[in-house]
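This is what each chain is made of:
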2 protein chains.
Amino acid sequence: MTASIEAKGAAAGLPPVHVIGTGLIGASVGLALRAVDVDVTLADQSETSVALARDLGAGRITGDIAPGLVVIAAPPDVAPRLILEALQSWPEAVVTDVTSVKQAVLADLVRSGVPLDRYVGSHPMAGRERSGAISARADLFEGRAWVLCPHEHTDGRATDLVGRLARATGAAVSTLSPHDHDAAVAAVSHVPQIAASLVAARLEHLSEQAVGLAGQGVRDVTRIAASDPGLWTQILSGNAPAVAAILREVSTDLDRVVAALEALGSGVDDVADAPGARAVLARSIADGNAGHARIPGKHGAPPAAYAVVRVVVDDRPGEIARLLTEIGEEGVNLEDLRLDHGLGLPFGLAEVSVLPTSAGPLTEALQARGWQIQS
Amino acid sequence: MTASIEAKGAAAGLPPVHVIGTGLIGASVGLALRAVDVDVTLADQSETSVALARDLGAGRITGDIAPGLVVIAAPPDVAPRLILEALQSWPEAVVTDVTSVKQAVLADLVRSGVPLDRYVGSHPMAGRERSGAISARADLFEGRAWVLCPHEHTDGRATDLVGRLARATGAAVSTLSPHDHDAAVAAVSHVPQIAASLVAARLEHLSEQAVGLAGQGVRDVTRIAASDPGLWTQILSGNAPAVAAILREVSTDLDRVVAALEALGSGVDDVADAPGARAVLARSIADGNAGHARIPGKHGAPPAAYAVVRVVVDDRPGEIARLLTEIGEEGVNLEDLRLDHGLGLPFGLAEVSVLPTSAGPLTEALQARGWQIQS
């Protein structure tokens, strides 16, 4: 936690911060800033909500304020109006908003004709299943990305100040244009959600035996299909153009795969048939390889190809712990761990990811300790 | 491992087994059966391959055999011919194949006009990244599903015998018609692979900052996008009609989502616009919820809603082990564990899944032991 504490130390010099909108995100911003002794004032259209946030320790309520930084933590449909009011009310203050949509909010602001040098949009990529101040946490942003989205008129000092705010909450700051932000979250969050949901929907009417064949692959692909429909309708609506743009490309690729499969038909021995169809399938998988390789590994480092050691583990309390204790005793750092439960059997496989150079020695050491390795 | 040993005990009465095709699967069948003292003979079109399998301990090579059960472990394009030859060569023997395609192979056999009462197709759902006898393992099928696919002419005794063979290798046996098998693996394996690859392909040309926003969701959805293009071209080609049928449904759903997003446009405040578009989005996510809920939980039991306890863990050897040791000391059984590494920070979150009744006591116990819980 060293880096986090150092980052928070930089918060000492933050000016008074005024948070407008004391739901989950706004109240969490207040709690996080209060934890590093920043002066925070709170406002909300709901008197109950703002009083609750104050009672939870997210900041003060007073009409007599001169904030250096205003955080608008309101839904996208009211954020532009609140941003404009804040720019007018406090002519020296920097103003940011934390909505997950950046282009649409900026477009509304630009249409107003107001100078926007003191405005910089941002997006802390943190959330919870529950909403409201009652769910707020001082550590909500800890280790999460907080994206700054300066536009062409933003003053560099405004961007710097919002970056310091984000780091004060423990977040890792990155910078993207509003367009690139919307395209990025569409690609890394919104499109994967749609894909997971559409694949999962095809499982609904399978027989018990058929879904019983589900392995780790489909479990991973569809895990986020358990997400809340109401929340995701808001998210997808707010970023509709960027999501639609990528989904149209996915749709084109998908239609090409379907056409190739239809050309192949059902013959098992007509390899000469359907010229080009197999190349379409191979290209689709290879393009996926190339895209997958772009996802950064641990700590934002280039992706590492970890080696996986598969260990048979009895299904009773403490067995996984005993395994990992012994891995720790061997001085090997665990990069990831997956549990793959057998079908109808009282044991499972622990898939232990380690650096490739550790895999051989670890396998030998675990076998010497009596573990059954499935390599 | 109790159940596995009991299941293997039933193997004692298996007749001599002849394995034709000594690649990864065939040689692994031989090794698994030899481990429980079944008499195994081997054949392959390659003398080198069959000699290697023999040297590894997968069985004997002899021309003088009278097998009770013949296993055809050859690719789909040669399997039908080998099955017909085996039915003719050994008029008392039961014959099975282990290809991942069941309808196309059966269709070829039916066209031959040969009686098929002694034939039952099957599919052990196990594989490795590497191929050939050299990669074979006696425990390849341990805890994996092995699907039996009897057709309308299959004699019940043939199905019973192949089921005993499968259990002797440690596999969990289930039964599906050839049509239902092909549809099931299309839905739970082949379609998720296509979806993962198409979503991952959209990441290829993103900027470094954009892919830096990737969280656990997109990592899960695209994990299997790292799969081998050559292998998957074979798999998808072999089950083309079943995969195409489901992908056409996915395509229809996708087009509906794209149309809804296009109707919503880019406005942030025109909630009255695009009647019905938000309902399409919400319905797509809700249908995914329903399908996701069909995936069985641990041990094939009905899916359980596990509670997740999020623990901040320093990134150094032994910390995860210490955490899990202490969870074991509290007598709590770990249902799953995910490591969510922070962006650019030297610690991560361990997401510990436990039964809901254990979450509260575990959270308190871990806090008392000094762990930082992020709930």
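Residues numbered from 1 in each chain as written. Chains lettered and ligands numbered in written order. Predicted model: local features only at pLDDT ≥ 70, side-chain atom pairs only at ≥ 80, totals over all residues. Heavy atoms only, no water.

Participant: Got a minute to help me understand the packing of aromatic side chains in this structure?
Facilitator: The geometry of an aromatic ring pair is captured by the separation of the ring centres together with the interplanar angle, meaning the angle of the planes. Residue and element names in this part refer to chain A. Counted under the stated rule, the structure contains two aromatic pairs over all chains. Taking 5.2 Å as the distance between ring centres and 45 degrees as the angle between the ring planes, the aromatic pair formed by Phe141 and Trp146 counts as tilted. Comparing Phe141 with Trp146 shows no difference in burial state: the two are buried. (Phe/Tyr/Trp six-rings, centres within 6.5 Å; stacked < 30°, edge-to-face > 60°. Buried < 20%, exposed > 50% of the residue type's maximum accessible area, 1.4 Å probe, protein only.)

Participant: What should I look at first to understand the interface of chain A and chain B in this one?
Facilitator: Quoted interface sizes are often the accessible area lost when the parts come together. The interface is formed by 145 residues belonging to chain A together with 145 residues belonging to chain B. Where chain A abuts chain B, roughly 12600 Å² becomes buried across the two surfaces, and 64% of that area is made up of carbon and sulfur atoms. Inspection of the chain A/chain B interface yields 10 salt bridges. As a salt-bridge pair, Arg202 of chain B and Asp253 of chain A come within 2.8 Å of each other at their nearest N and O atoms. When residues of the side of chain A that touches chain B are assigned to their parent elements, the largest contribution, 18 residues, is made by helix H11 (residues 240–264) of chain A. (Contact = heavy atoms within 4.5 Å. Buried area = accessible area lost by both parts, 1.4 Å probe. Salt bridge = Lys/Arg side-chain N within 4 Å of Asp/Glu carboxyl O. Helix = DSSP H or I, 4+ residues; strand = E, 2+ residues; numbered from the N terminus.)

Participant: Explanation requested: unusual backbone geometry in the structure shown.
Facilitator: Negative phi is the rule for most residues except glycine; trans is the rule for most peptide bonds. Residue and element names in this part refer to chain A. If you check the backbone angles, Asp37 has positive phi at about 65 degrees while not being a glycine. Mapping Asp37 onto the fold places it in the loop between helix H2 (24–34) and strand E2 (40–43). Exposure remark for Asp37: the relative accessible area of 66% places this residue in the exposed category.

Participant: When you look at the relation of the copies chain A and chain B in this model, what are you seeing that I'm missing?
Facilitator: Both copies of the chain are related through a single rotation about an axis accompanied by a shift along the same axis. After a rotation of 180 degrees and a shift along the axis of 0.0 Å, chain A superposes on chain B with an RMSD of 0.1 Å. What the superposition gives is, in effect, a two-fold axis relating one chain to the other. Across chain A, the rotation axis passes nearest the C-alpha of Val221 of chain A, at a separation of 2.0 Å. Take the interface residues of chain A: 100% of them recur as interface residues in chain B, which is what a same-surface contact looks like. (Least-squares fit on C-alpha atoms with pLDDT ≥ 70 in both.)

Participant: Just to check I follow, could you spell out the sheet that holds strand E7 (residues 172–175) of chain B for this structure?
Facilitator: All names here are of chain B. Strand order in the open sheet formed by three strands is E5-E6-E7, and the pairing between neighbours is mixed. Pairing within the sheet leaves two strands with one partner each, and these edge strands are strand E5 (121–124) and E7. Direction aside, neighbouring strands of the sheet carry axes that sit 20 degrees apart on average. In terms of strand pairing, strand E6 (residues 145–149) meets E7 through four bridges, oriented parallel. (Pairing = 2+ DSSP bridges. Axes fitted to C-alpha atoms, helices over the stretch in contact; angles between N-to-C directions.)

Participant: Quick question: what am I supposed to make of the pattern of salt bridges here?
Facilitator: Once the charged atoms of two side chains with opposite charge are near each other, the side chains can pair. By the definition in use, this model includes 36 salt bridges over all chains. Here Arg248 of chain B makes a salt bridge to Glu262 of chain A, at a shortest N to O gap of 2.3 Å. One end of the pair, Arg248 of chain B, is in helix H11 (residues 240–264); the other, Glu262 of chain A, is in helix H11, on a second chain. On the basis of relative accessibility, which here comes to 38%, the residue Arg248 of chain B falls in the partly exposed class. Residue classification places Glu262 of chain A among the partly exposed positions, given a relative accessible area of 43%. Residues joined in a network through salt bridges with shared partners are Arg322, Glu326, Glu329, Glu330 and Arg369 of chain A.

Participant: Even after reading the chapter, I still don't get the nonpolar core, so can you show me in this structure?
Facilitator: The tendency in soluble globular proteins is for nonpolar side chains to be buried as a group. Core analysis: the largest hydrophobic core is formed by 94 residues, its most contacted members being Leu247 and Leu261 of chain A together with Leu247 and Leu261 of chain B. In this structure, Leu247 of chain B is in contact with Leu254, Val257, Val258 and Leu261 of chain A together with Val191 and Ile194 of chain B, ignoring residues within four places of it in sequence. Ranked by size, the runner-up nonpolar core spans 40 residues in total, among them Ala307, Val352 and Trp371 of chain A together with Ala321 of chain B. (Core = buried A, V, L, I, M, F, W, Y, C linked by side-chain atoms within 4.5 Å.)

Participant: How should I be thinking about helix H13 (residues 319–329) of chain B in this particular structure?
Facilitator: The periodicity of an α-helix, 3.6 residues per turn, causes residues three or four places apart in sequence to face the same way. Listed as buried for H13 of chain B are Glu319, Ile320, Ala321, Leu323, Leu324, Glu326 and Ile327 of chain B. Immediately beyond the C-terminal end of H13 of chain B, within one or two residues, lies Gly331 of chain B, with a positive phi of roughly 75 degrees.

Participant: Just checking my understanding: could you explain the sheet that holds strand E7 (residues 172–175) of chain A for this structure?
Facilitator: All names here are of chain A. Across the sheet, three strands lie side by side as E5-E6-E7; this open sheet has mixed pairing. Among the strands making up the open sheet, the edge pair consists of strand E5 (121–124) and E7. Going across the sheet, the axis of each strand differs from the next one's by a mean of 20 degrees, ignoring polarity. In this structure, E5 lies alongside strand E6 (residues 145–149), joined through four bridges in antiparallel fashion.

Participant: What exactly am I supposed to notice about the side chain of Ser28 of chain A here?
Facilitator: Residue and element names in this part refer to chain A. If you trace the backbone, Ser28 turns up in helix H2. Note on Ser28: relative accessible area 0%, which makes it buried. With sequence-adjacent residues up to four places away left out, Ser28 is seen in contact with Gly23, Ala136, Arg137, Ala138, Leu140 and Phe141.

Participant: So what exactly am I meant to see when it comes to helix H6 (residues 156–168) of chain A here?
Facilitator: Residues and elements named next belong to chain A. The end-to-end C-alpha distance of H6, which contains 13 residues, comes to 18 Å, matching closely the 18 Å that a straight helix rising 1.5 Å per residue would cover. Considered for burial, the residues of H6 that qualify are Ala158, Thr159, Leu161, Val162, Gly163, Leu165, Ala166 and Ala168. Remark: Gly170 follows H6 within two positions and exhibits a positive phi of approximately 95 degrees. (Expected span 1.5 Å × (residues − 1).)

Participant: How should the environment of Asp117 of chain A be read in this particular structure?
Facilitator: Residue and element names in this part refer to chain A. Its place among the elements puts Asp117 in the loop between helix H5 (103–112) and E5. Judged by relative accessible area, which is 34%, Asp117 ranks as partly exposed. Residues Asp117 and Val312, spaced 195 residues apart in sequence, show a C-alpha to C-alpha distance of 60 Å. Residues contacting Asp117, with those up to four places away along its chain left out, are His153, Thr154, Asp155 and Ala158.

Participant: Would you explain the pairing of strand E8 (residues 307–314) of chain A in this entry?
Facilitator: The two faces of a sheet get side chains in turn, since along a regular strand they alternate between them. Residues and elements named next belong to chain A. Counting buried positions over the eight residues of E8 gives six, a clear majority of the element. Bridge count for E8 against strand E11 (residues 372–373) is two bridges, and the pairing is antiparallel. Bridged to Val311 within E11 is Ile373.

Participant: Would you mind showing me how to read a nonpolar patch on the surface here?
Facilitator: Together, Leu52, Leu56 and Ile134 of chain A line one region of the surface with nonpolar side chains, adding up to about 260 Å² of accessible area. Here Leu52 of chain A shows up in helix H3 (residues 47–55). (Patch = residues over 30% accessible without salt bridge, like charges linked within 9 Å, V, L, I, M, F, W, Y side chains within 5 Å. Areas by Shrake-Rupley, 256 points an atom, 1.4 Å probe, with all protein chains shown as cover.)

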